[in-house]
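Chain and residue survey
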Amino acid sequence: MKQTSHPIPLRFVNHGVRAKLVGIQSSQRISRRLSELGFVPGIELSVVADSGSALMIALGDTRMALEYPLAHALLVTVVEQGAC
Amino acid sequence: MTTMAGLAPQIPFSYPAPVEREIAQLAALFAQTPALAVYPARWLAIQVLEGDETLLAEIEAHGGSAVVAALNDSLERLRAVYGDELDIVMVDQRYRFVHEVATRAVTRPVTPPATLSDQIDRIVTHRWFGIPIFLAVMWVVFKLTTDVAAPFVDWLDSVVSGPLSRWVSALLGMVGAGGGWFESLLIDGVVAGVGGVLAFVPVLLSLYFALALLEDSGYMARAAFVMDRVMRLFGLHGKSFLPMIVGFGCSVPAIYATRTLDSRRDRILTGLLVPFMSCSARLPVYVLIAMIFFPAYAGQVIFGLCLTGIVVAVGVGALARRTLFTRQPPTPFVLELPPYRLPTLRHIWRQMWERTAAFVRKAGTVILATSVVVWLLLAIPARGDDQFAATPVDQSAFAALAQAGAPVFAPLGFGNWESSGALMTGLIAKEVVVGTLTQVYVGEDAVAEPATPPSLGEDAAAIVTGLGAAIGDALRALPGIIGINLSAAEEEPLAEGLATAIQAGLAASSNGHATAAALALLVFVLLYTPCVATLAASRHEFGLRWMLTSLLGQFAIAWLAALIVFQGGRMVGM
């Protein structure tokens, strides 16, 4: 298992790569909304699809559409390089 | 009775100790404050610590200075421990708890396997295939709402204008009230108004059927995800696309569909742009005018108009963002995508029925009332010495009012009372423009009445066989959805002399530039003030001010666009 210590924005994580959420860099209102939707530090997530303006994120059994600016605000560390 | 609390085992859940201390203190304080007694005290304490703005404002307004001071002290102490992340800590604690309960109860593989949903999404939400797939789905929906619903619309129309009208007048004759203005009011005002409302029902039922199917299967959320990129052109995001799509069917349900949007800014902006989507009621007007003036290119002209509507909406969206909504930034686009599911017929039927019934209740009364007002205007003689309800159209108060409005349209090439009158009645429902044009140019006699009215039995039989034929036509139209055309193309015959009369009318009002005037009239019909049903929906959802913005703004935009088209067309020699 390859662990990178540098947090990077979720926006730059490739399809199918598992990542761990470490923090949210945004206004309090938006951080709160995201954490209510399940984006809490420590959770594992991965990118399922990219529409060209938003990402589809797998978050446990939930699938979330997230616009690019929000994907920039979520800081993650890569847990494991996926197959693709 | 045993309550749930009695059955469920008690599972301890608590926030971290410093948070729990403050919650307990605040809850005790809130419990003693009568103004806040409506809320459970512990719940209220948790909400305000998480920063719920509405509740914080309420406490500041009604809680009293001691409560506000205690709350600020609590927040201060917690900030010292958690910084700005208090709310996240609290939400996190809840998720941890849920996670713990779930892991104890459910056994799952460490790495969740790729689900069928994800495999479907790999294709459906693909960066390049996503939009073509979406367009194909929408095409099927349009075919369903137009070709499949059309036979039923025709059937309802023939029932209302034939047997139903005859029965009403027979009934009035029986009670001795037939023949007079009252009969005319009931038949030409009320029954015609009911017919106008009913004409929407098959279209809406099939539209809502398709939408319920897409929503329940989970595709609608994917479409919002895929279309997010396109919606950004309008200054909106993916969630606004649904109302826009519904807008091609009818603006009224489209305006109600804005309710699913998160912020008021998005709801209003979407509501303002929806009427620019060329609704199905405008189609008959395009067909009539395009068949007369551009018989070889009717299809292209109609398609061009739909496209023009979208382009204008993009422009208006950009303008509105820079003028009306400068202070409100767009809300971020976050949307949960449910897994794909097989829809149930029961639920689809319930959605179709509830939404259509809501439209009939809300818009129905407005359409009915307006058609009675138009009947009155047509009944009141303004010139000549005709009696009430027996005046020719060109001498009615309606014609006088249309005449007064006509100069407004002179620079656009269609400043005759026939056109302005037709546009006026188009405010009831856009397709009424066709009926009015026929009525004012050709007169009532265009519809030939049978020499001897059919009997009650013949009428009833005709209604049933008509319904049978409509079902047959609808079934034959189904293969057409995927491009197989079984029914021979039939063209509605134009009323005798209507084409020449409209051509002559527009030629006179535009000094011989009838083609340019016709094109300007089409663009005007596309863009001008939405119908009363849409305005009623808009007022209901956004308030009077935004309804007026829509009413006046669209009139101005339509006037300007038609001016550009007519003057431009004249210059290039149309």
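What you see is a predicted model, and the numbers here were worked out from it, not measured in a lab.

Description of the confidence of the model for chain B
Residue and element names in this part refer to chain B. Scored by pLDDT, chain B has a mean of 83; 91% of the residues are at 70 or more. Across residues 1-5, where pLDDT falls below 50, the model places 2 contacts with residues more than four positions away in sequence or in other chains. Scored by ipTM, the complex comes to 0.89, with pTM at 0.73.

Notes on the side chain of D118(B)
Structurally, the position occupied by D118(B) is in helix α7 (residues 116-124). Residue classification places D118(B) among the buried positions, given a relative accessible area of 10%. In this structure the side chain of D118(B) is engaged in a polar contact, spanning 2.7 Å, whose partner is the side chain of R63(A). Dropping the residues within four chain positions of it, D118(B) is found in contact with V48(A) and R63(A).

Points about helix α25 (residues 532-542) of chain B
Residues and elements named next belong to chain B. Counting buried residues in α25 gives 8 out of 11 residues, a clear majority hidden from the surface. All of the buried residues in α25 are V532, A533, T534, L535, A537, S538, E541 and F542. Just downstream of α25 lies G543, where phi reads positive at about 95°.

Let's talk about the interface of chain B and chain A
Interfaces are often sized by the amount of accessible area the parts lose when they come together. Counting residues at the interface gives 30 residues for chain B and 32 residues for chain A. Three residues stand out in chain B for area buried against chain A, namely I88(B), F225(B) and V334(B), and they jointly supply 20% of the buried area on that side. Where chain B packs against chain A, one counts 4 salt bridges. With its nearest N and O atoms 2.7 Å apart, the salt bridge here joins D118(B) to R63(A). On the surface where chain B and chain A come into contact, there are 12 residue pairs in polar contact (both at pLDDT 80 or more). Listing elements by their share of the side of chain B that touches chain A, those giving two or more residues are α6 (86-105), α7, α12 (219-231) and β1 (334-337) of chain B. The element contributing the most residues to the side of chain B that touches chain A is α6(B), with 5 residues.

Re the UniProt feature "domain: Ferrous iron transporter FeoA-like" (unreviewed entry) in chain A
Per the UniProt entry, the sites bearing "domain: Ferrous iron transporter FeoA-like" (unreviewed entry) are residues 8-78 of chain A in this numbering. Across residues 8-78 of chain A, the secondary structure splits into 21% helix and 46% strand, with the terminal C-alpha atoms separated by 8 Å.

A few points about the environment of V252(B)
All names here are of chain B. Looking at the element boundaries, V252 is found in helix α14 (residues 251-257). Exposure remark for V252: the relative accessible area of 4% places this residue in the buried category. Look past the residues within four positions of V252 in its chain and what remains in contact with it is F359, A533, T534 and A537.

Re the nonpolar core
Residue and element names in this part refer to chain B. Grouped together as the largest cluster of nonpolar side chains are 117 residues, with contacts concentrated most on F241, F293, F414, I502 and F524. For this core, the element with the most residues is helix α24 (residues 514-527), which contributes 12 residues. When sequence neighbours within four positions are dropped, the list of residues in contact with F241 reads F134, M220, A223, A224, M227 and M231. I23, I46, V68 and L86 belong to the second-largest nonpolar core, a separate cluster that totals 24 residues.

Considerations on the pattern of salt bridges
All names here are of chain B. Taken as a whole and judged by the stated rule, the model has 18 salt bridges over all chains. Between R79 and E76 there is a salt bridge, with the nearest N and O atoms lying 3.8 Å from each other. Residue R79 and its partner E76 are both found in helix α5 (residues 65-82); the two are separated by 3 residues, about one turn of the helix. You can call R79 partly exposed: its relative accessible area is 42%. Among the salt bridges present, the one from R232 reaches D228, with a minimum N-O distance of 2.9 Å. Note on R232: relative accessible area 31%, which makes it partly exposed. The class of D228 is buried, set by a relative accessible area of 0%.

Conventions and cut-offs
- Residues numbered from 1 in each chain as written.
- Chains lettered and ligands numbered in written order.
- Predicted model: local features only at pLDDT ≥ 70, side-chain atom pairs only at ≥ 80, totals over all residues.
- Heavy atoms only, no water.
- pLDDT = per-residue confidence, 0-100.
- Contact = heavy atoms within 4.5 Å.
- Helix = DSSP H or I, 4+ residues; strand = E, 2+ residues; numbered from the N terminus.
- Buried < 20%, exposed > 50% of the residue type's maximum accessible area, 1.4 Å probe, protein only.
- Polar contact = N/O pair within 3.5 Å; in protein donor to acceptor, adjacent residues only side chain to side chain.
- Buried area = accessible area lost by both parts, 1.4 Å probe.
- Salt bridge = Lys/Arg side-chain N within 4 Å of Asp/Glu carboxyl O.
- UniProt positions renumbered as here; feature names shortened; annotations may be inferred.
- Core = buried A, V, L, I, M, F, W, Y, C linked by side-chain atoms within 4.5 Å.

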